[in-house]
Every structure is written in structure tokens, then in C-alpha cells.
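Report on the structure
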Amino acid sequence: MFVLFLLTGAVFGGILGEVISHSDIAAGFAPYLVKTFLVLDVPPVTINLYVIRFMAGFALQPNLISILGMVVAFLLYRRL
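Being a predicted model, the structure only gives us computed values, none of them experimental.

1. Examining the environment of Val39
By the element assignment, Val39 lies in the loop between helix 2 (30–33) and strand 1 (40–48). Counting along the chain gives 24 residues from Val39 to Asn63, while the straight-line C-alpha distance between them is 10 Å. Setting aside residues no more than four positions away along its own chain, Val39 makes contact with Leu60 and Pro62.

2. Thoughts on the environment of Phe12
Summarising the element assignment, Phe12 is placed in helix 1 (residues 2–21). Phe12 sits 57 residues away from Gly69 along the chain, and the two C-alpha atoms are 6.6 Å apart.

3. A word on the side chain of Ser66
Among the secondary structure elements, Ser66 is positioned in helix 3 (residues 64–79). When sequence neighbours within four positions are dropped, the list of residues in contact with Ser66 reads Gly9, Ala10, Gly13 and Gly14.

4. Some words on helix 1
Residues separated by three or four positions in an α-helix point in the same direction, a consequence of the helix having 3.6 residues per turn. Helix length check: helix 1 (20 residues) gives 28 Å between terminal C-alpha atoms against 28 Å at 1.5 Å per residue, within 8%. Listed in full, the buried residues belonging to helix 1 are Leu6, Gly9, Gly13, Gly17 and Ile20. Seen from one end, helix 1 has its buried residues packed into an arc of 75°, which puts them on one side. Of the exposed residues in helix 1, the ones pointing more than 90 degrees away from its buried face are Leu4, Leu7, Phe12 and Val19. Contacts made by the buried residues of helix 1 are with helix 2 and helix 3.

Reading guide: rules and limits
Residues numbered from 1 in each chain as written. Predicted model: local features only at pLDDT ≥ 70, side-chain atom pairs only at ≥ 80, totals over all residues. Heavy atoms only, no water. Helix = DSSP H or I, 4+ residues; strand = E, 2+ residues; numbered from the N terminus. Contact = heavy atoms within 4.5 Å. Expected span 1.5 Å × (residues − 1). Buried < 20%, exposed > 50% of the residue type's maximum accessible area, 1.4 Å probe, protein only. Arc of directions from axis to C-beta.

Written out as C-alpha cells, the structure reads:
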């Protein structure tokens, strides 16, 4: 349940960051809030089984607003 809270907070924070980046209200400091940081990058791996081919990769690039969303989610989790 804890991981679900954190993921939800990160997603909502990322969405909020995208909304802030396109608004004129926060134009002065929005680039600092929505700048992404590469934390984890697993390049795509291909598994060819000759009948079906699987490709899987993973990249974690949070921005400051999504990290703030995770903090809020953590505080809400502790409160419940």
C-alpha cells in the first residue's frame, strides 16, 4: 500500500508539474520545478523467442514537483 501511495503521489506531482510548466502564472520559476533528474536508466532489453519478441526498459526521471507529490503522499500515508 505504501508503494502505491508513493507512485500515486509521483504521478499526480508529475501531472501538476506539466500543468505548471504550461501556465503563465509560474513562468519565472517553473523551469526549476519541472526540470527532470535522471535517477535510473535501464536500456531496453530484447528477448527474441522466434515466435514473439519482448522488449522492456525502464527510466526514472522525477522532477521537483513529483518529488513533492511523493512527500505529500508519504505524509498522507503516515496519517492514515
